[in-house]
Amino acid sequence: MKDPMSLRLGPLVEPLLKRCERTGETPSEVCRLAIAKELGVDAPEMAPGNVATLKQFAPKPRRKKSSG
C-alpha cells in the first residue's frame, strides 16, 4: 500500500543530505525519527528498501494466454 502523502522539503534538502552522508542514515530514517520525536512516539522499525520491491508486495506474474 502506498502512503497517501508526499513530502516537499524545500531548503531542508541540503542539510538533510549532508547529515545522511555524515551518519549513513537514509533520508527516510531521518524524517521518521524527526516526526516521531515531534509527535512524542517511538519511531517505527521499517524493513530496508522500497516496500514495493519486497517479494510479498511484488506484482504476481501474469499467465500467458494459450493461442490454440
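Residues numbered from 1 in each chain as written. Predicted model: local features only at pLDDT ≥ 70, side-chain atom pairs only at ≥ 80, totals over all residues. Heavy atoms only, no water.

Draft legend 1. Region of the structure containing the overall build of the protein chain. Counting its regular elements, the protein chain contains two helices and zero strands. When burial is assessed residue by residue, the protein chain has 9% of its 68 residues classed as buried. For the protein chain, the accessible surface area stands at approximately 7,000 Å², while carbon and sulfur atoms represent 57% of it. (Helix = DSSP H or I, 4+ residues; strand = E, 2+ residues; numbered from the N terminus. Buried < 20%, exposed > 50% of the residue type's maximum accessible area, 1.4 Å probe, protein only. Areas by Shrake-Rupley, 256 points an atom, 1.4 Å probe, with all protein chains shown as cover.)

Draft legend 2. Inspection of the packing of helix 1 (residues 13-23) against helix 2 (residues 27-39) at higher detail. Running from N to C, helix 1 and helix 2 point in directions that differ by 110 degrees, and their axes come no closer than 9 Å. In this view, helix 1 runs roughly perpendicular relative to helix 2, as classed from their interaxial angle. Judged by residue contacts, Leu-16, Leu-17, Arg-19 and Cys-20 of helix 1 engage Pro-27, Val-30 and Cys-31 from helix 2. Among the residues making up the contact of helix 1 with helix 2, the classes are represented as six nonpolar, no polar and one charged. (Axes fitted to C-alpha atoms, helices over the stretch in contact; angles between N-to-C directions. Parallel < 35°, antiparallel > 145°, perpendicular 65-115°, else oblique. Contact = heavy atoms within 4.5 Å. Nonpolar A, V, L, I, M, F, W, Y, C, P; charged D, E, K, R; others polar.)

Draft legend 3. Structural detail: the side chain of Glu-25. With respect to the helices and strands, Glu-25 occurs in the loop between helix 1 and helix 2. Here the side chain of Glu-25 touches Arg-19 through a polar contact of 2.9 Å, side chain to side chain. A polar contact of 2.8 Å, which involves the side chain of Glu-25, links it to the side chain of Thr-23. Excluding anything up to four places from it in sequence, Glu-25 contacts Arg-19, Cys-20, Val-30 and Leu-33. (Polar contact = N/O pair within 3.5 Å; in protein donor to acceptor, adjacent residues only side chain to side chain.)

Draft legend 4. Quick peek at a nonpolar patch on the surface. Taken together, the side chains of Ile-35, Leu-39 and Val-41 define a hydrophobic patch exposed on the protein surface, amounting to about 300 Å² of accessible area. Topologically, Val-41 is positioned in the segment after helix 2. Of the residues examined, Val-41 reaches a relative accessible area of 48% and is grouped as partly exposed. (Patch = residues over 30% accessible without salt bridge, like charges linked within 9 Å, V, L, I, M, F, W, Y side chains within 5 Å. Salt bridge = Lys/Arg side-chain N within 4 Å of Asp/Glu carboxyl O.)

Draft legend 5. Representation of the pattern of salt bridges. Per the stated rule, a full pass over the model turns up one salt bridge. The partner of Glu-25 in a salt bridge is Arg-19, and the shortest N-O contact between them spans 2.9 Å. Judged by relative accessible area, which is 32%, Arg-19 ranks as partly exposed.

Draft legend 6. Expanded view of the state of the cysteines. Applying the stated criterion across every chain yields a total of zero disulfides. No disulfide involves Cys-20; its nearest neighbouring cysteine sulfur is the one of Cys-31, lying 7.8 Å away. (Disulfide = S-S within 2.5 Å.)

Draft legend 7. How the structure looks around helix 2. Look at helix 2: 18 Å from first C-alpha to last across 13 residues, which is about the 18 Å you get at 1.5 Å a residue. Listed as buried for helix 2 are Val-30, Cys-31 and Ala-36. The elements touched by buried residues of helix 2 are helix 1. Phi for Gly-40, located one or two positions after helix 2, is positive at around 75 degrees. (Expected span 1.5 Å × (residues − 1).)

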